[in-house]
Amino acid sequence: MTIQELETQVSTLNPVDKAKLISILTQTLTNGSLGIKKTPGVCGGDACIGNTRIPVWSLVCDRRLGASDAIILESFPDLTAADLVNAWAYADAYPEEIEQAIKENDEVMEESEVY
């Protein structure tokens, strides 16, 4: 089934069934998500997905480079859709922190290219 077909079917649902669908989708998205954590000594203390070493700023960079959520999930098989929802929400809530982390990473990468 395509997204367009699904959208057509969803538009025909009554409000009660739409509410049930939202509940199902919400449960699906939140299962297995470990939230966002900042752990001293792990990835420089940057915000990461749950108990991983995948920083939120890195996922933001992937997205800026054109990677869709589907591509990101294929690249990181241990991540869930809920993990990405949490990452995007965190990035939206703390844009200065994310921009600073990206800037610092870029500077480190530039320095390593010099040597």
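Residues numbered from 1 in each chain as written. Predicted model: local features only at pLDDT ≥ 70, side-chain atom pairs only at ≥ 80, totals over all residues. Heavy atoms only, no water.

A surface patch of nonpolar side chains, about 350 Å² in accessible area, is lined by Met 1, Ile 3 and Leu 6. Relative to the elements of secondary structure, Ile 3 occurs in helix α1 (residues 3-11). On the basis of relative accessibility, which here comes to 63%, the residue Ile 3 falls in the exposed class. (Patch = residues over 30% accessible without salt bridge, like charges linked within 9 Å, V, L, I, M, F, W, Y side chains within 5 Å. Areas by Shrake-Rupley, 256 points an atom, 1.4 Å probe, with all protein chains shown as cover. Salt bridge = Lys/Arg side-chain N within 4 Å of Asp/Glu carboxyl O. Helix = DSSP H or I, 4+ residues; strand = E, 2+ residues; numbered from the N terminus. Buried < 20%, exposed > 50% of the residue type's maximum accessible area, 1.4 Å probe, protein only.)

Quick look at the nonpolar core now. The biggest cluster of nonpolar side chains holds 18 residues, and the ones touching the most others in it are Val 56, Leu 59, Val 60, Trp 88 and Ile 98. When contributions to this core are tallied by element, the ones reaching two or more residues are β2 (47-49), α3 (56-64), α5 (81-93) and α6 (95-114). Tallying contributions element by element places α5 first for this core, with 5 residues. The contact partners of Ile 98, leaving out residues within four places of it in the chain, are Val 56, Trp 57, Val 60, Tyr 90 and Ala 91. (Core = buried A, V, L, I, M, F, W, Y, C linked by side-chain atoms within 4.5 Å. Contact = heavy atoms within 4.5 Å.)

This paragraph deals with the pattern of salt bridges. Per the counting criterion, the structure on display carries 3 salt bridges. A salt bridge links Arg 63 to Asp 69; the shortest N-O distance between them is 3.6 Å. Looking at Arg 63, the relative accessible area reads 40%, which means it is partly exposed. A salt bridge links Glu 99 to Arg 64, with the nearest nitrogen and oxygen atoms 2.2 Å apart. With Glu 99 in helix α6 and Arg 64 in helix α3, the pair connects residues that are 35 residues apart, well separated along the chain. Look at Glu 99 and you get partly exposed, because its relative accessible area is 37%.

Unlike most non-glycine residues, Cys 43 shows phi in positive territory, near 50 degrees. On the secondary structure map, Cys 43 appears in the loop between β1 (36-38) and β2.

Here the focus is the packing of aromatic side chains. To describe a pair of aromatic rings, you give the distance between the ring centres and the angle between the ring planes. The tally for this structure, following the rule as stated, stands at 1 aromatic pair. Summarising the aromatic geometry, the rings of Tyr 90 and Tyr 94 are spaced 4.6 Å apart at their centres and angled 40 degrees between planes, so their arrangement reads as tilted. For Tyr 90, a relative accessible area of 13% gives the class buried. Looking at Tyr 94, the relative accessible area reads 42%, which means it is partly exposed. (Phe/Tyr/Trp six-rings, centres within 6.5 Å; stacked < 30°, edge-to-face > 60°.)

Glancing now at a negative patch on the surface. A cluster of like negative charges, contributed by Glu 104, Asp 106, Glu 107, Glu 110, Glu 111 and Glu 113, occupies part of the molecular surface. Among the structural elements, Glu 111 can be located in helix α6. (Lys, Arg positive; Asp, Glu negative; His and termini not counted. Charge placed at Lys NZ, Arg CZ, Asp CG, Glu CD.)

As a further point, take the side chain of Asp 83. For Asp 83, the position within the fold is in helix α5. Buried charge without a partner: Asp 83 forms no salt bridge, and the closest opposite charge is Lys 37, 10.0 Å away. A polar contact of 2.8 Å, which involves the side chain of Asp 83, links it to the backbone nitrogen of Thr 80. (Polar contact = N/O pair within 3.5 Å; in protein donor to acceptor, adjacent residues only side chain to side chain.)

Remember, this is a structural readout, not a statement about activity or role.
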